[in-house]
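# A look at the structure
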Amino acid sequence: MGTLKKIVRKATVLGEMGFNKGGGNINWFPGHMAAATRVIRDRLKVSDLIIEVRDARIPLSSANEDLQPVLSGKRRVIALNKKDLANPNIMHRWIHYFDSRKQDCFSINAHSKSSVKKLLDLVEFKLKEVISREPTLLVMVVGVPNVGKSALINSIHQIASARFLGEEETGHSVTITWCYSRYCWVQGVLVPSIPDIETGLKLAVAGSVKDSVVGEERIAQYLLAVLNTRGTPIHWKHLFDTETESCHQDSDDKPKYNLKDLLQKKRKPPSKSDMHYIEDITTGVQRALCTTLWEFNGNLEDEVNLGSLIDQQFEMLQKALKIPHKASEARTIVSKKFLILFRTGKLGPFILDDVPHCYGSVS
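Keep in mind the model is a prediction, meaning the values are calculated, not measured.

In this section: the pairing of strand E1 (residues 49–55). A large share of E1 lies buried, amounting to 7 of its 7 residues. Neither face of E1 is open: one carries Leu 49, Ile 51, Val 53 and Asp 55, the other Ile 50, Glu 52 and Arg 54, and all of them are buried. Bridge analysis of E1 against strand E4 (residues 137–143) gives 4 bridges, and the strand direction is parallel. Note on E4: the bridge partner recorded for Ile 51 is Val 141. With 6 bridges connecting them, E1 and strand E2 (residues 76–81) associate as parallel partners. In the strand pairing of E2, Glu 52 is matched with Ile 78.

Here it is in structure tokens:
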């Protein structure tokens, strides 16, 4: 990953990132988020246990470093959410990493009740010493944007048949409290602490930093750089070796859909034609990236060569995604659709952070 770090540092391929290249903590949130964080800090002091939700694809980058000293002094469980989108071959190494640092860590899918029930069992175990003497316990669910706090709270609410008590609004940030049984659950949104450009880019790829802050094209460029330097598209080659005639349909016979349909919304389940279309688009994208990397004769260790490869891949993705060549904002449209495929897991499970120190790097 040395080349990737050089690219991010020099920004020769990715351009100006909108983050402070000089390092140091970067706070891009407006004032109301800072006010909400102050409220959360006060609540943390009186909480009996904290569930810190992180994105399983970025177990370190999705942490709020400013609050770690406070969190480390409390009963805490780190919930690595979206495990269904994270590489299962790497996840156990992350659990082992946190365990070696004496941090309780549990990987979950916040939309799975069975997964959340196991997390609740761990919470009860952690609180068994105080359950007998405290009539009501305060459990706080915190995390940076888009890591799945609301999904987790909603699942807990459904599991326990919770009774809604109220909400406190701070600017545009809402702290919601549910009480049921002996527990009160409080949800809080943390302001991400972004110490460097690469952390910011990882947060952006995962959707915890608004696309408009960095720009969809730059986020997509970074993601392509990660995939290429890891050789990920080459691993997709086997997907095309066993293709049959039935996998190919004339484009005129396919219904026309927008990739925004992949975003989670309250809508009727996708039809078989929907699924075939999405699968065909995904296969086309994987084929485009695999082919370009397989035929690439340059040096991935060279930023200029890698930049040329990424430019070529943008052209191939434009064809795979069926975006008109004359579109004035073709690269932006390509980037948006490519990011949707990644974020919804259509391109496969990934972990972008490297396991620190002796635990090796993520592949």
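Right, let's talk about the packing of helix H5 (residues 113–126) against helix H7 (residues 149–159) for a bit. How two helices sit against one another is set out by the angle between their axes and by the gap between those axes. In the contact formed by H5 and H7, the axes pass within 10 Å of each other and the chain directions differ by 85°. Viewed along their axes, H5 and H7 adopt a mutual orientation that is roughly perpendicular. Contact with H5, carried on its side by Lys 113, Val 116, Lys 117, Leu 119 and Leu 120, involves Leu 152, Ser 155, Ile 156, Gln 158 and Ile 159 of H7 and no other residues of that element. Here the contact of H5 with H7 is composed, by residue class, of 6 nonpolar, 2 polar and 2 charged.

Another point: the environment of Lys 202. Within the element layout of this structure, Lys 202 appears in helix H8 (residues 197–206). Given a relative accessible area of 9%, Lys 202 falls into the buried group. Spatially, the C-alpha atom of Lys 202 lies 8.5 Å from that of Ile 219, the residues being 17 residues apart in sequence. Excluding anything up to four places from it in sequence, Lys 202 contacts Ile 58, Ser 61, Tyr 222, Leu 352 and Asp 353.

It is a general feature of regular strands that their side chains alternate between the two faces of the sheet. Of all 7 residues in E4, 7 are buried; the element is thus mostly enclosed. Burial along E4 is two-sided: the residues Leu 137, Val 139, Val 141 and Gly 143 and Leu 138, Met 140 and Val 142 are all buried.

Next up on the list: helix H10 (residues 216–230). For H10, with 15 residues, the first-to-last C-alpha span of 21 Å sits near the 21 Å given by 1.5 Å per residue. Of all 15 residues that make up H10, 12 are buried, and the element is covered over most of its length. Note on H10: the residue one or two positions beyond its end, Gly 231, has a positive phi of about 75°.

Their axes nearest at 8 Å, the elements H10 and helix H14 (residues 330–343) cross at an angle of 55°. Here H14 runs oblique to H10, going by the angle between their axes. The way H10 lies across H14 gives a crossing that is left-handed. Note on element contacts: H14 touches H10 through Arg 331, Thr 332, Ser 335, Lys 336, Phe 338, Leu 339, Phe 342 and Arg 343, opposite Glu 216, Glu 217, Ile 219, Ala 220, Gln 221, Leu 223, Leu 224 and Leu 227. Of the residues assigned to the contact of H10 with H14, the class counts are 8 nonpolar, 3 polar and 5 charged.

This brings us to the pattern of salt bridges. Scanning the entire structure with this criterion turns up 10 salt bridges. The partner of Glu 52 in a salt bridge is Arg 54, and the shortest N-O contact between them spans 3.2 Å. Summarising the burial analysis for this pair, Glu 52 and Arg 54 share the class buried. What emerges from the salt-bridge pattern is a single network uniting Glu 52, Arg 54 and Arg 76.

Within soluble globular proteins, side chains that are nonpolar generally end up buried alongside one another. Core analysis: the largest hydrophobic core is formed by 69 residues, its most contacted members being Ile 51, Leu 152, Trp 185, Val 285 and Phe 338. Take this core: its biggest share by element is 8 residues, from H10. Counting residues in hydrophobic clusters, the runner-up holds 12 residues, among them Ile 78, Ala 86, Ile 351 and Val 355.

So, on to the confidence of the model for the protein chain. On average, the protein chain scores 79 in pLDDT, and the residues at 70 or more come to 71%. Per-element confidence in the protein chain ranges from a low mean pLDDT of 40 for strand E5 (residues 163–170) to a high of 97 for E2. Of the regions scoring below 50 in pLDDT, residues 10–27 engages in 43 contacts with residues more than four places distant in sequence or in other chains.

This brings us to the side chain of Asn 87. If you trace the backbone, Asn 87 turns up in the loop between E2 and helix H4 (88–100). Asn 87 sits in the buried class, given a relative accessible area of 14%. A polar side-chain atom of Asn 87 sits 2.9 Å from the main-chain amide nitrogen of Asn 89.

Conventions used here
- Residues numbered from 1 in each chain as written.
- Predicted model: local features only at pLDDT ≥ 70, side-chain atom pairs only at ≥ 80, totals over all residues.
- Heavy atoms only, no water.
- Buried < 20%, exposed > 50% of the residue type's maximum accessible area, 1.4 Å probe, protein only.
- Helix = DSSP H or I, 4+ residues; strand = E, 2+ residues; numbered from the N terminus.
- Pairing = 2+ DSSP bridges.
- Axes fitted to C-alpha atoms, helices over the stretch in contact; angles between N-to-C directions.
- Parallel < 35°, antiparallel > 145°, perpendicular 65-115°, else oblique.
- Contact = heavy atoms within 4.5 Å.
- Nonpolar A, V, L, I, M, F, W, Y, C, P; charged D, E, K, R; others polar.
- Expected span 1.5 Å × (residues − 1).
- Left-handed = near helix turned anticlockwise from the far one by under 90°.
- Salt bridge = Lys/Arg side-chain N within 4 Å of Asp/Glu carboxyl O.
- Core = buried A, V, L, I, M, F, W, Y, C linked by side-chain atoms within 4.5 Å.
- pLDDT = per-residue confidence, 0-100.
- Polar contact = N/O pair within 3.5 Å; in protein donor to acceptor, adjacent residues only side chain to side chain.

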